[in-house]
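Overview (structure and organization)
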Amino acid sequence: MRVEVVERVLRANDALAEEVRATLDAAGVLAVNFIGSPGSGKTAVLERTAALLRPHLRLGVIEGDIATTRDAERLSRCGVPAVQIETRLVGNACHLDAHLVRTALTRLVLRDLDVLAIENVGNLVCPAAYNLGEHMRVVVASVPEGDDKPWKYPSTFARASAVILNKIDLLPLTNFSMDAFTEGLRQVTEAPLFTLSASTGEGLRPWIEWVTGQRRTR
Amino acid sequence: MHEVSIADALLTEASLAAASHGLRAVNRVGVRVGRLSGVAAEALAMAFEILREGPVLGRAVLDIEDADGDDLRLAWLEGE
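My aim in this report is to walk through the structure given alongside it, one point at a time. Note that the coordinates shown come from a computational prediction; the quantities given were computed from them, not determined experimentally.

Parameters and conventions
Residues numbered from 1 in each chain as written. Chains lettered and ligands numbered in written order. Predicted model: local features only at pLDDT ≥ 70, side-chain atom pairs only at ≥ 80, totals over all residues. Helix = DSSP H or I, 4+ residues; strand = E, 2+ residues; numbered from the N terminus. Buried ≥ 20, exposed ≤ 12 C-beta atoms within 10 Å, placed from the backbone. Contact = placed C-beta atoms within 7 Å. Nonpolar A, V, L, I, M, F, W, Y, C, P; charged D, E, K, R; others polar. Arc of directions from axis to C-beta. Axes fitted to C-alpha atoms, helices over the stretch in contact; angles between N-to-C directions. Parallel < 35°, antiparallel > 145°, perpendicular 65-115°, else oblique. Left-handed = near helix turned anticlockwise from the far one by under 90°.

What about the environment of Ala104(A)?
Relative to the helices and strands, Ala104(A) is located in helix H4 (residues 98-105). For the pair Ala104(A) and Ala82(A), spaced 22 residues apart in the sequence, the C-alpha separation amounts to 9.7 Å.

And the structure:
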């Protein structure tokens, strides 16, 4: 006997993600899921972003890593409320899921926040499948990774609301082609691209204005 | 290798669906995997085979259909 089912495989995760989103909406917090390779500079981008948003918007952070609380400590030193998820405690997961985020949310005071950054585990593949209850996704790529990443990881780039290309201060030292990167990106998404350097601070203003605009229109 | 997590979620959904349709033993599980889902079919099949257990799903074979976009669905069950 064959029975038709047609149910999302990640239905249980998606249900928890809806709970997370409802909690965030009730508190008026814009949640952004940051996805990128290890070393692409996600944490550095958040450090810069927190400092530049501060006069206008209050940022909070949930950090996802397999091990250590280093990233949450980095953001804490910038005066940002930060919660660390260590996935080594839950089977070394290569991605965050809605259950982990829901638990982490209980450790933040949402009424004191305007924007919540959820920094996913460094990985350009696995996090893409998991809805965390975020309002938007931002993919962070970087110049040393090479200009072929949108071609190689289309499922991740296709679901981004915005893409950051970090470490543009290293462009003169590499054979990275901005044209090739942009062409690959435009194959899968029309999302805005912000080219910047979290190290030198170059190019951050358009990114900060975009985030601020997203929060204001919500 | 998030396919282990995906396979685990798939087995949970298959188990719920089998119970609601009164299936006591499932032979085949049909799943649709979108080309942009970020899920590797071979890795999912391997994880499914390792994780399947019990009288209802312990012998179930996974049948993976290619799909468009980021679709990732349990499509059908075959069993008694």
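Next, the rest of the story.
Considerations on unusual backbone geometry
Residues and elements named next belong to chain A. Of note in the backbone geometry, valine 6 takes a positive phi value of approximately 50 degrees without being a glycine. With respect to the secondary-structure elements, valine 6 resides in strand E1 (residues 2-8). The backbone of lysine 167 sits at a positive phi, close to 70 degrees, despite the residue not being glycine. Along the polypeptide, lysine 167 turns up in the loop between strand E7 (162-166) and helix H7 (178-188). Since 25 C-beta atoms lie within 10 Å of it, lysine 167 is described here as buried.

Describing the interface of chain B and chain A
Residue-level contacts link 25 residues of chain B with 24 residues of chain A. Within the residue set of the side of chain B that touches chain A, elements represented by two or more residues are helix H1 (3-20) and strand E3 (72-79) of chain B. No other element matches the 8 residues that E3(B) contributes to the side of chain B that touches chain A. Among the residues forming the side of chain B that touches chain A, the class breakdown is 13 nonpolar, 7 polar and 5 charged.

Remarks on the environment of Thr49(A)
Mapped onto the fold, Thr49(A) is located in helix H2 (residues 42-53). If we ignore the near neighbours within four places in the chain, the residues touching Thr49(A) are Leu59(A), Ile208(A) and Val211(A).

Observations concerning helix H3 (residues 70-77) of chain A
Residues and elements named next belong to chain A. When we look at burial in H3, the residues that qualify are Asp71, Ala72 and Leu75. Buried residues of H3, seen end-on, are gathered within an arc of 100 degrees and therefore sit on one face of the element. The exposed set on the far side of H3, more than 90 degrees from its buried face, consists of Arg70, Glu73 and Arg77. In this structure, the buried side of H3 is in contact with H2, strand E3 (59-65), strand E4 (82-86) and strand E5 (115-119). Directly beyond the C-terminal end of H3, a positive phi value near 80 degrees is found at glycine 79.

A word on the packing of H2(A) against helix H8 (residues 204-216) of chain A
Residues and elements named next belong to chain A. At their nearest, the axes of H2 and H8 sit 10 Å apart, and the two run at 70 degrees to each other. Compared by their axis directions, H2 and H8 come out roughly perpendicular. Relative to H8, H2 is oriented so that their crossing is right-handed. Contacts between H2 and H8 involve Arg48, Thr49, Leu52 and Leu53 from the first element and Leu204, Ile208 and Val211 from the second.

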